[in-house]
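# Descriptive analysis of the structure
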Amino acid sequence: MTMYGQGILRGLTITLRHLVRTYFNDMRYMGKKYFNQSEFELRQGMKTEGIYTVQYPEEKIAVPERFRFTPFLVVEDADHPERPGEDWCTSCGICAKVCPPQCIWIVRGEDPVTKRPIPEPQAFYIDIDICMNCGYCAEFCPFDAIKMDHDYEMASYDRTTAHIHDKEKLSKPFSYWLNIAPTTANEEAEARGSWEHSDTVKSKKKAGVPSVAYTPTTDPSQVMQMIRATMPEPAPAAEAAPTAERSAAAVAQAGPSAEDALKAERLRKRQEALARKLSKEAGSQ
Ligand code: SF4
Ligand code: SF4
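Basis of the calculations
- Starting from 1, residues in each chain are numbered consecutively following that chain's sequence as written.
- The order in which chains are written sets their letters, starting at A; the order in which ligands are written sets their numbers, starting at 1.
- Side-chain atom pairs in this predicted model are given and counted only at pLDDT of 80 or more, local residue features only at pLDDT of at least 70, and totals for whole chains, interfaces and linings cover all residues.
- Based on all heavy atoms of the structure, the side-chain values leave hydrogens and waters out of the count.
- Helix and strand definitions follow DSSP, with helices as H or I runs of at least four residues and strands as E runs of at least two, each counted in order from the N terminus.
- Residues count as neighbours in contact if any of their non-hydrogen atoms are within 4.5 Å of one another.
- For accessible areas, the Shrake-Rupley method is used with a probe of radius 1.4 Å. Any residue's cover is judged against the shown protein chains and nothing else.
- DSSP bridges decide pairing: two strands pair if at least two such bridges lie between them.
- Whether a residue is near a molecule or strand depends on its heavy atoms: if one lies within 4 Å, it is near.
- In the scheme used here, Gly and all other residues not listed as nonpolar or charged are polar, with Ala, Val, Leu, Ile, Met, Phe, Trp, Tyr, Cys and Pro taken as nonpolar and Asp, Glu, Lys and Arg as charged.
- For helices, the axis comes from a line fit to the C-alpha atoms of the stretch in contact; other axes are also lines fit to C-alpha atoms, and the angle between any two N-to-C directions lies between 0 and 180 degrees.
- Put simply, buried Ala, Val, Leu, Ile, Met, Phe, Trp, Tyr and Cys residues joined by side-chain atoms within 4.5 Å make one nonpolar core.
- Relative accessibility decides the category of a residue: with a 1.4 Å probe and only protein chains considered, values under 20% of the type maximum give buried, values over 50% give exposed, and everything between is partly exposed.
- For this analysis, a polar contact is any N or O atom pair within 3.5 Å, provided that within protein one partner can donate a hydrogen and the other can accept it, and provided that sequence-adjacent residues contribute only side-chain to side-chain pairs.
- This arc is taken over the directions from the axis of the helix to the C-beta atoms.
- Just to be clear on terms, a salt bridge is a Lys or Arg side-chain nitrogen sitting within 4 Å of an Asp or Glu carboxyl oxygen.

## Quick word on the overall build of the protein chain
What the protein chain contains, in helices and strands, is 12 helices and six strands. Taking the intrachain contacts of the protein chain between residues at least 6 apart in sequence as the baseline, contacts between residues at least 24 apart amount to 62%. In the structure as shown, the protein chain presents an accessible area of about 18400 Å², 58% of it carried by carbon and sulfur atoms.

This is the structure:
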């Protein structure tokens, strides 16, 4: 019993110490750490002491580098001199095989003339409502082509297809990965021997061609520009509004929207892919 009492006292002392430090820390920064953006960064760093509240969503704590939410696909930067915007994914299917809840769906690309398979995905879907953020896909990908994102604000009023991310929505430039996880991205580049895709590195080595002199940008505003340039068009304001705020009459009046057309197109592609898979399976039996 005495033992439990000591534990409680020790816990309370720690809380009290943090509380007192809050006031000393406030005096040190003259209260600025609550109002000034640059001082806000102090609150996220190792220098801060005490207890404080973050005014979410106006303020957001920076997530640690190893934080993982849903996966995204790495594509070359738009300013890459040889392969701008090209996929790193070779459509090998390993990530889909290892995914525990089986929420990855890939359709392998094919040569339009010979119809032979080519190492790039024609379609790539992840149902992020089913994804359990385990990171296995990123861990097992032999080409560093799928990574875990830091974007955790994905709530939506749409219960249909908003959370089935297609290739367009999943793709983000390599520089984005370098910006959110510089340590890992640098280690991986060191292991590959270049900023380039491992297949490109190997084929250039084989042919004796020098690696391209290219360094991805670490400027976040340039990265965001690249992301915006590759993202699908945002839905019109009326469609983006919460469902509860949209009356049935207003929806009926608006008719089929761009967002609906986009959803329909995604579903159509998915259905086509499913039909192809089923017919292939039927043929192999
Ligand atoms: S494991 Fe990597 S390269 Fe293979 S399909 Fe998945 S993302 Fe693409
Ligand atoms: S993070 Fe885990 S659950 Fe999510 S897609 Fe990757 S392997 Fe599947």
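## So, the pairing of strand β2 (residues 104-110)
Note that β2 and strand β3 (residues 117-127) share seven bridges and pair antiparallel. Looking across to β3, one finds that tryptophan 105 is bridged to tyrosine 125. From the end of β2 to the start of β3, which pair antiparallel, there are six residues, and lysine 115 there has a positive phi angle of about 65°.

## Topic: the site of ligand 1
As a structural note, the neighbourhood of ligand 1 is formed by Cys89, Thr90, Ser91, Cys92, Gly93, Ile94, Cys95, Ile106, Cys141, Pro142, Phe143 and Ile146. Looking at the shell around ligand 1 residue by residue, the classes come out as nine nonpolar, three polar and no charged.

## What to know about the sheet that holds strand β6 (residues 171-173)
In spatial order, the strands read β4-β1-β6; together these three strands make up an open sheet with mixed pairing. Strands at the two margins of the open sheet, each flanked by one partner only, are β4 (146-148) and β6. Here the average twist between neighbouring strands, direction ignored, is 50°. In this sheet, β6 lies alongside strand β1 (residues 71-75) in parallel orientation, the contact comprising three bridges. Directly across from leucine 73, in β6, lies its bridge partner serine 171.

## Considerations on the nonpolar core
Counting 31 residues, the largest nonpolar core has Ile104, Phe124, Ile126, Ile146 and Trp177 as the members making the most contacts within it. Contributing elements (two or more residues each) for this core: β1, α3 (94-98), β3, α4 (136-140), β4 and α6 (174-180). With five residues, α6 is the single largest residue contributor to this core. In this structure phenylalanine 124 touches Leu73, Cys89, Cys95, Ile104, Trp105, Ile106, Ile146, His165, Asp166, Lys167 and Leu170, once residues within four positions along its chain are discounted.

## Considerations on unusual backbone geometry
Although it is not a glycine, serine 91 adopts a positive phi angle of roughly 65°. Here serine 91 is to be found in the loop between β1 and α3. Backbone geometry at lysine 115 places phi at a positive 65°, although glycine is not the residue there. Tracing the sequence through the fold places lysine 115 in the loop between β2 and β3.

## As for the environment of proline 119
Along the chain, the position of proline 119 falls in strand β3. In this structure, the C-alpha to C-alpha distance between proline 119 and tryptophan 88, residues 31 residues apart in sequence, is 9.4 Å. Other than its neighbours up to four places away in sequence, proline 119 contacts Cys89, Thr90 and Arg108.

## Observations regarding the side chain of serine 171
Its place among the elements puts serine 171 in strand β6. Residue serine 171 is classed as buried on the basis of its relative accessible area, which comes to 12%. A polar side-chain atom of serine 171 sits 2.7 Å from the main-chain carbonyl oxygen of lysine 167.

## Section: the sheet that holds strand β5 (residues 164-165)
In spatial order, the strands read β2-β3-β5; together these three strands make up an open sheet with antiparallel pairing. Because the sheet does not close on itself, it has two edges, and the strands there are β2 and β5.

## Brief notes about helix α7 (residues 182-192)
All of the buried residues along α7 are Ala185, Glu188, Ala189 and Arg192. Down the axis of α7, the buried side of the element spans an arc of 100°, and every buried residue falls inside it. Away from its buried face by more than 90 degrees, α7 exposes Glu187, Glu190 and Ala191. In this fold, the buried residues of α7 make contact with β4, α6 and α8 (198-207). Looking one or two residues past α7, glycine 193 carries a phi angle of roughly 90°, positive in sign.

## A look at the pattern of salt bridges
Evaluation of the coordinates by the stated rule reveals nine salt bridges. The partner of glutamate 86 in a salt bridge is arginine 83, with the nearest N and O atoms 3.4 Å apart. Ionic contacts of the salt-bridge type, sharing partners, join the residues Asp144, Lys147, Glu188 and Arg192 into one network.

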